[in-house]
Amino acid sequence: MSREILTLQLGNYANYVGTHWWNLQEASFRYDPTAEPTEIDHDVLYREGQTASGQSTFTPRMLLLDLKGTLKFMPEEGELYEERKHSQSDSVLNEIAWDPDKIEVISQQPADKCDYQKDLEQGATESDTCEDEQEKDYNFKETVNDWIDYSYSRFHPRSINIVNQYNHSKEENQFDTIINGLELWRRANIEDEFGDKIRQYIEECDSCQGFQLLFDCVDGFAGLAIKTLEHLQDEYGKTSLVFPVIPPTMPKFKNADDTISSSIRVINTALTFSTLPDSCSLFVPLSTMGRCWRDLDKPRNFPYISYDEKNLYQTSGVLAAFLETASLRFRLKTPSNLSYLSNMCTELTPHGRQMAGASLALPLAMHNSEDLIDYLDRNDKPFCIPLTPNASVGTKYVVQSVTARGIPRNRLKRPPTAKSALKQQRMAAYRCDSVSEMLQFYYHCQLHASLSHVTSCNAPMDLKVPFPVEMFHSRVGFDGFLNEFDPGIQQKVASAPVLAQIQSSGGLADTIDSLHREVSRIKLVRIPRFEESGLESENYKESLERLLEFKERYDDNYEL
């Protein structure tokens, strides 16, 4: 049975994350007909199609929005299906009989493509058999200027959409307030054009599960996201899983210093969080920064990866690893693992708790000679790192969805005939016969009064160019498991075992409360651009009150 999902990406950093996500998915494609079939049902997030010349295509079922100037060399309709059509003005000019001796040709050259994009055009990719090409170092950390520079996927002509009313700039963000985004939805005819493309995708589906929305929640894209969710709710009424993302660094807003820019960011985020509970099924805020309201600091510390806390290319790779793993729950095709987006969202939102927290183990820190039962036995504390700002991993009264990938069945425990199994046989977990069953038992023992749904996938997360593999510690081996001793030099990491959690717990009350405290300190009259763009003070106060009421849903005075 078909279980299609439409993915929407709104905002520059959302597209950084989304680009890595689609790259990771395509890295897991299997082209060898003799290879073992994949456990992942790629039809959930991809669509089959055909070019005008009859060539078969398999493209992301996705729509993205970004500002003018982000595409550089890429035409808005993409490069997959056909060459760009000449504009009407080009046709008129070609019909005029010009005197060649009196013509001065003035052309605007497109932005140069980076080395990686040039190699993609020439067919030199990670899948090539040439050893020299496979080892080529593109130095993405230093050379990437935007998400288009490392995009491996080829998109459907309707996928890429540009907001021409605002220019993209790394120095100054002109698309500043959530109110501007709300107004732009109507004024720029985005509702009709973007909504029509959504409808076309939905009509192609046999049985659409719902929607995933990834968006920047700190600027005007928050307003576009809220309007998009209202449109989806009114037109389709299907499940919507939402990921508001907060970049680790961002330019100042137009005509604003650092202090005012921070205040604008906090107000946009607070207004977004106060609206989302009524607009979506579940939302999971994401950031690699531990503190994300007024201050962007304290980057999340992963034991075996090291990244530049301000680098958008690397940090978005971490968030994409979470999305690629956590989403497997509703993307696997094995009947025993079959699940739906609606099931997950319903389970994770008891008592109207529409917000959940994210956490990630990248890689899952098992030694290369260690079994899962021994790894879990030596870990009595959470081994996942939070990716939701101002939040920690809950240890009691928790409802969570856990997805583990890349742990082979033969690494579960020693066979009963092996001498080395004597110690393991004394453990209660030795009775477990699968990765998901053993993890389920582990969480049952570790988390007080909690419910866990565990999904497991044998396939690891394949890591190919252009994923930022330079982040991994030198102890991480080729297969992502840890060497007993540090070789002192970084090794090539081709795949990794990963574990991701989406978790609802009472601890998220502190996350919402910290945001409410921060936004309450800001006097709206000191930032006139909000009122000038149409935000009334009474509506603003009501939004802050809704945020506080939403926080009260996370009190631990209930039974699971």
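Residues numbered from 1 in each chain as written. Predicted model: local features only at pLDDT ≥ 70, side-chain atom pairs only at ≥ 80, totals over all residues. Heavy atoms only, no water.

**Q** Can you help me understand the pattern of salt bridges in this one?
**A** In a structure, side chains of opposite charge can pair up when their charged atoms sit close to one another. Here the structure, examined in full by the defined rule, presents 21 salt bridges. Arg 30 serves as the salt-bridge partner of Asp 462, at 3.0 Å between the closest nitrogen and oxygen. Of the two residues, Asp 462 is situated in strand S17 (residues 461-462) and Arg 30 in the loop between helix H1 (12-27) and strand S2 (46-50); the sequence distance between them amounts to 432 residues. Residues joined in a network through salt bridges with shared partners are Arg 47, Arg 158 and Glu 204. (Salt bridge = Lys/Arg side-chain N within 4 Å of Asp/Glu carboxyl O. Helix = DSSP H or I, 4+ residues; strand = E, 2+ residues; numbered from the N terminus.)

**Q** I would appreciate a short explanation of the side chain of Gln 314 in the present structure.
**A** With respect to the secondary-structure elements, Gln 314 resides in helix H10 (residues 312-326). Excluding anything up to four places from it in sequence, Gln 314 contacts Lys 141, Tyr 307, Asp 308, Pro 468, Glu 470 and Met 471. (Contact = heavy atoms within 4.5 Å.)

**Q** I keep staring at helix H15 (residues 508-520) and nothing clicks. Help me out?
**A** Spacing of three or four residues puts side chains on the same side of an α-helix, whose turn is 3.6 residues. Look at H15: 18 Å from first C-alpha to last across 13 residues, which is about the 18 Å you get at 1.5 Å a residue. Contact partners of the buried residues in H15: helix H9 (258-275), strand S13 (357-361), strand S19 (498-505) and helix H17 (537-552). (Expected span 1.5 Å × (residues − 1).)

**Q** It is not clear to me how the state of the cysteines should be interpreted in this structure. Could you clarify?
**A** Linking two cysteines covalently via their sulfur atoms produces the bond known as a disulfide. Applying the stated criterion across every chain, the model contains 0 disulfides. The closest cysteine sulfur to the non-disulfide-bonded Cys 345 is located on Cys 280, 8.3 Å from its own sulfur. (Disulfide = S-S within 2.5 Å.)

**Q** Is there a simple way to explain the sheet that holds strand S16 (residues 451-457) in this structure?
**A** Two pairing modes exist for strands in a sheet, parallel and antiparallel, and in both the strands are linked by backbone hydrogen bonds. Spatial ordering of the open sheet is given by S14-S13-S19-S15-S16, a layout of 5 strands whose pairing is mixed. Bordering the open sheet on either side are strand S14 (385-386) and S16, each of which pairs with just one other strand. Sheet topology places S13 next to S14; 2 bridges connect them, and they run antiparallel. The partner of Ser 359 across the bridge, within S14, is Pro 386. Of the strands in this sheet, S13, strand S15 (398-405) and S19 are in contact with H10, which crosses S19 at around 80°. Along the sheet, helix H14 (residues 435-446) makes contact with S15, S16 and S19, crossing S16 at roughly 155°. (Pairing = 2+ DSSP bridges. Axes fitted to C-alpha atoms, helices over the stretch in contact; angles between N-to-C directions.)

**Q** For this particular structure, what's the right way to read a negative patch on the surface?
**A** Together, Glu 536, Glu 538, Glu 542, Glu 545, Glu 549, Glu 552 and Asp 555 give the surface a local cluster of negative charge. The class of Glu 538 is partly exposed, set by a relative accessible area of 48%. (Patch = residues over 30% accessible without salt bridge, like charges linked within 9 Å, V, L, I, M, F, W, Y side chains within 5 Å. Areas by Shrake-Rupley, 256 points an atom, 1.4 Å probe, with all protein chains shown as cover. Lys, Arg positive; Asp, Glu negative; His and termini not counted. Charge placed at Lys NZ, Arg CZ, Asp CG, Glu CD. Buried < 20%, exposed > 50% of the residue type's maximum accessible area, 1.4 Å probe, protein only.)

**Q** What's the story with the packing of H15 against H17 in this structure? I'm lost.
**A** When two helices pack together, their arrangement is captured by the angle between the axes and the distance separating the axes. Between H15 and H17, the shortest axis-to-axis distance is 9 Å and the interhelical angle comes to 155°. As judged from the angle between their axes, H15 and H17 are roughly antiparallel. Classified by chirality, the crossing of H17 by H15 is left-handed. Contact residues: H15 offers Ala 509, Ile 512, Asp 513, Leu 515, His 516 and Val 519, while H17 offers Tyr 540, Leu 544, Leu 547, Leu 548, Phe 550 and Lys 551. Counted by class, the contact of H15 with H17 contains 9 nonpolar, 1 polar and 2 charged residues. (Parallel < 35°, antiparallel > 145°, perpendicular 65-115°, else oblique. Left-handed = near helix turned anticlockwise from the far one by under 90°. Nonpolar A, V, L, I, M, F, W, Y, C, P; charged D, E, K, R; others polar.)

**Q** Just to check I follow, could you spell out the environment of Glu 324 for this structure?
**A** In this structure, Glu 324 sits in helix H10. Spatially, the C-alpha atom of Glu 324 lies 6.1 Å from that of Trp 21, the residues being 303 residues apart in sequence. Those residues in contact with Glu 324 that sit more than four places away from it in its chain are Trp 21, Leu 24, Gln 25, Arg 331, Arg 405 and Met 461. Of the polar contacts made by the side chain of Glu 324, one reaches the side chain of Trp 21; its length is 3.3 Å. Separated by 3.5 Å, the side chains of Glu 324 and Arg 405 make a polar contact. (Polar contact = N/O pair within 3.5 Å; in protein donor to acceptor, adjacent residues only side chain to side chain.)

**Q** Just to check I follow, could you spell out the nonpolar core for this structure?
**A** In a soluble, globular protein the nonpolar side chains are often hidden away together inside. Among the nonpolar cores identified, the biggest contains 102 residues, and Leu 286, Phe 322, Leu 360 and Leu 499 are the most heavily contacted of them. Among the elements that line this core, the one with the most residues is H10, at 9 residues. Each residue touching Phe 322, except ones within four places of it in the same chain, is listed here: Phe 243, Leu 286, Ala 358, Ser 359, Leu 360, Leu 387, Ala 500, Gln 501 and Ile 502. (Core = buried A, V, L, I, M, F, W, Y, C linked by side-chain atoms within 4.5 Å.)

**Q** Sorry, what's going on with helix H8 (residues 221-235) here?
**A** A rise of 1.5 Å per residue sets the reference length of H8, with its 15 residues, at 21 Å; its end C-alpha atoms lie 21 Å apart and thus fit the reference within 8%. One or two positions beyond H8, positive phi appears at Gly 237, with a value near 60°.

**Q** Would you mind going over the confidence of the model for the chain with me for this structure?
**A** Any residue range with low pLDDT should be treated as having predicted coordinates unsuitable for detailed reading. The pLDDT averaged across the chain works out to 89; a share of 89% of its residues lies at or above 70. Low pLDDT (under 50) marks residues 83-96, which in the prediction has 4 contacts with non-local residues, meaning those over four places away or in another chain. A low-confidence stretch, residues 102-109 (pLDDT under 50), is modelled with 1 contact involving residues beyond four sequence positions or located in other chains. (pLDDT = per-residue confidence, 0-100.)

**Q** Is there a simple way to think about the sheet that holds strand S8 (residues 239-245) in this case?
**A** An order of S5-S4-S1-S7-S8-S10 is seen for the 6 strands of this open sheet, with the pairing classed as parallel. Taken across any chain shown, the strands that pair with only one partner, and hence form the sheet edges, are strand S5 (160-167) and strand S10 (282-283). Bridging between strand S7 (residues 210-216) and S8 involves 7 bridges; their strand directions are parallel. Residue pairing for S8: Phe 215 is matched across the bridge by Pro 244. The strands touched by helix H7 (residues 190-204) within the sheet are strand S1 (5-10), strand S4 (62-68), S5 and S7, with S4 carrying the most contacts at an inclination of about 160°.

**Q** So what exactly am I meant to see when it comes to the pairing of S19 here?
**A** Along any regular strand the residues' side chains alternate between the sheet's two faces. Counting buried residues in S19 gives 8 out of 8 residues, a clear majority hidden from the surface. Where S13 meets S19, 5 bridges bridge the pair, whose relative direction is antiparallel. By the bridge assignment, Leu 360 is partnered in S19 with Ala 500. Two elements, S15 and S19, share 8 bridges in a ladder whose sense is antiparallel. Looking at the pairing, Gln 400 lines up with Gln 503 of S19.

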